[in-house]
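Observations on the model geometry
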Amino acid sequence: QVLLVESGGGLVQAGGSLRLSCAASGLTFSIYVMGWFRPAPGKERGFVPAVTQGGINTDYSDSVKGRFTISKDNDKNTVYLQMNSLKPEEAAAYYCATRSGWGIIRSLRYYGNWGQGTQVTVSS
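In short, a report on the structure.

Notes on the overall build of the chain
- For the chain, the helix and strand inventory stands at zero helices and eleven strands.
- Listed by position from the N terminus, the elements making up the chain come as β-β-β-β-β-β-β-β-β-β-β.
- C-alpha atoms of the chain, sized along the principal axes, occupy 40 × 25 × 25 Å.
- For the chain, the proportion of its 124 residues judged to be buried stands at 43%.

Written out as structure tokens, the structure reads:
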């Protein structure tokens, strides 16, 4: 059984930082692209960043580029999201997800396994 467990969420002031983790089990972690998503108000979950199988190639949404960093540790079956300079509008539940196949695709429809999410709250 595939299990993705996010952690690291919490309350932070605007401009602060958080590091999210997503621990995976029940799958061969190294063969998956890993992505992070968060919902926008009134919308479905939107792409934040993703990282390829080996952790070399990454892609970021324009809104987080330069502030967020995704990394993947295949030895620990964990993907991380370092979030700096957080903004109040980025408060949301953050979800990690797996994508089988090559290359990063931003659409959530290409991601098959999902965690339960970790809540990030940003106070202004």
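Quick word on the nonpolar core
- Counting 26 residues, the largest nonpolar core has Met 34, Trp 36, Phe 68, Val 79, Leu 81, Met 83 and Tyr 94 as the members making the most contacts within it.
- When residues in this core are grouped by element, the largest group, four residues, is from strand E3 (residues 18–25).
- Within the second largest apolar cluster, seven residues are counted, among which are Val 33, Phe 37, Phe 47 and Ala 50.

Overview of the sheet that holds strand E1 (residues 3–7)
- Taken together, four strands build an open sheet; the order of strands is E1-E3-E8-E7 and the sheet is antiparallel. What marks the edges here is a single partner per strand, and that holds for E1 and strand E7 (68–73). Looking at each pair of strands side by side, their axes are set apart by 15 degrees on average, direction ignored.

Cut-offs and rules
Residues numbered from 1 in each chain as written. Predicted model: local features only at pLDDT ≥ 70, side-chain atom pairs only at ≥ 80, totals over all residues. Heavy atoms only, no water. Helix = DSSP H or I, 4+ residues; strand = E, 2+ residues; numbered from the N terminus. Buried < 20%, exposed > 50% of the residue type's maximum accessible area, 1.4 Å probe, protein only. Core = buried A, V, L, I, M, F, W, Y, C linked by side-chain atoms within 4.5 Å. Pairing = 2+ DSSP bridges. Axes fitted to C-alpha atoms, helices over the stretch in contact; angles between N-to-C directions.

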